[in-house]
Amino acid sequence: MPLSEKARIEVYLPDKPAEQYRNLLDTFEEEFTYAFGGATVARGLQGKYLSLGGRVVADQVNMLYSDAPFSFEGNREKVARFADRVRIAAYEALNEEAILIVVYGVHHSVRQS
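Just so it is clear, the model here is predicted, and its values are computed rather than measured.

Basis of the calculations
- Residues numbered from 1 in each chain as written.
- Predicted model: local features only at pLDDT ≥ 70, side-chain atom pairs only at ≥ 80, totals over all residues.
- Heavy atoms only, no water.
- Salt bridge = Lys/Arg side-chain N within 4 Å of Asp/Glu carboxyl O.
- Helix = DSSP H or I, 4+ residues; strand = E, 2+ residues; numbered from the N terminus.
- Buried < 20%, exposed > 50% of the residue type's maximum accessible area, 1.4 Å probe, protein only.
- Polar contact = N/O pair within 3.5 Å; in protein donor to acceptor, adjacent residues only side chain to side chain.
- Contact = heavy atoms within 4.5 Å.
- Expected span 1.5 Å × (residues − 1).
- Arc of directions from axis to C-beta.
- Core = buried A, V, L, I, M, F, W, Y, C linked by side-chain atoms within 4.5 Å.
- Pairing = 2+ DSSP bridges.
- Axes fitted to C-alpha atoms, helices over the stretch in contact; angles between N-to-C directions.

## So, the pattern of salt bridges
Tallied over the full model, the rule gives five salt bridges. Across the pair Asp-67 and Arg-8 runs a salt bridge whose closest N-O atoms are separated by 2.5 Å. Of this pair, Asp-67 sits in strand β3 (residues 56-67) while Arg-8 is found in strand β1 (residues 3-14), placing the two residues 59 residues apart along the sequence. As far as burial versus exposure is concerned, Asp-67 and Arg-8 are alike and both buried. Linking Glu-96 and Lys-16 is a salt bridge whose minimum nitrogen-to-oxygen distance equals 2.8 Å. One end of the pair, Glu-96, is in the loop between α2 (76-93) and β4 (100-109); the other, Lys-16, is in the loop between β1 and α1 (19-36), with 80 residues separating them in the sequence.

## Side note on the side chain of Glu-96
With a relative accessible area of 16%, Glu-96 lands in the buried category. At a separation of 2.4 Å, a polar atom in the side chain of Glu-96 contacts the side chain of Tyr-21. Once residues lying within four places of it in the same chain are set aside, the contact partners of Glu-96 are Pro-14, Lys-16, Tyr-21 and Tyr-91.

## Overview of α2
A rise of 1.5 Å per residue sets the reference length of α2, with its 18 residues, at 26 Å; its end C-alpha atoms lie 26 Å apart and thus fit the reference within 8%. Where α2 is concerned, the buried positions are Val-79, Phe-82, Ala-83, Val-86 and Ala-90. Mapping the buried residues of α2 onto a view down its axis gives an arc of 100°, with all of them on the same face. The exposed residues of α2 that point more than 90 degrees off its buried face are Glu-77, Arg-85 and Glu-92. Buried residues along α2 sit against β1, α1 and β4.

## Notes on the nonpolar core
Judged by nonpolar contacts, the single largest core of 21 residues is most densely connected at Leu-13, Phe-28 and Phe-32. In terms of residue count, α1 provides more of this core than any other element does, six residues in total.

## Some remarks on the sheet that holds β4
Strand order in the open sheet formed by four strands is β2-β3-β1-β4, with antiparallel pairing between adjacent strands. Edge positions in the open sheet fall to β2 (40-50) and β4, since each of these has one partner strand only. Across this sheet, the average inter-strand angle for adjacent strands is 30°, counted without regard to direction. Across nine bridges, the pairing between β2 and β3 is antiparallel.

Okay, here's the thing in structure tokens:
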């Protein structure tokens, strides 16, 4: 079974009732869909993080991810620039201490013709 390497980008955004959080998630979902051909949102994920002040904070997040139609290894700089633009947009739109953006290579099973 042949495998095809793709670059995956994941964005973890706080799941809060304020409109700017919903708007940003919708905007990113649309942007990822146009940029990479599709996007998936996993809503209501539970977690905890250690705040800058040293407190453990319970958090609920939504994870948005998409796989680019190109490999991670051959396009690290391109993926890094995209991740930086996403990070900057998220910090400009939300008043948050931290927003996690993850990029890595994944392998898809592909059908042979």
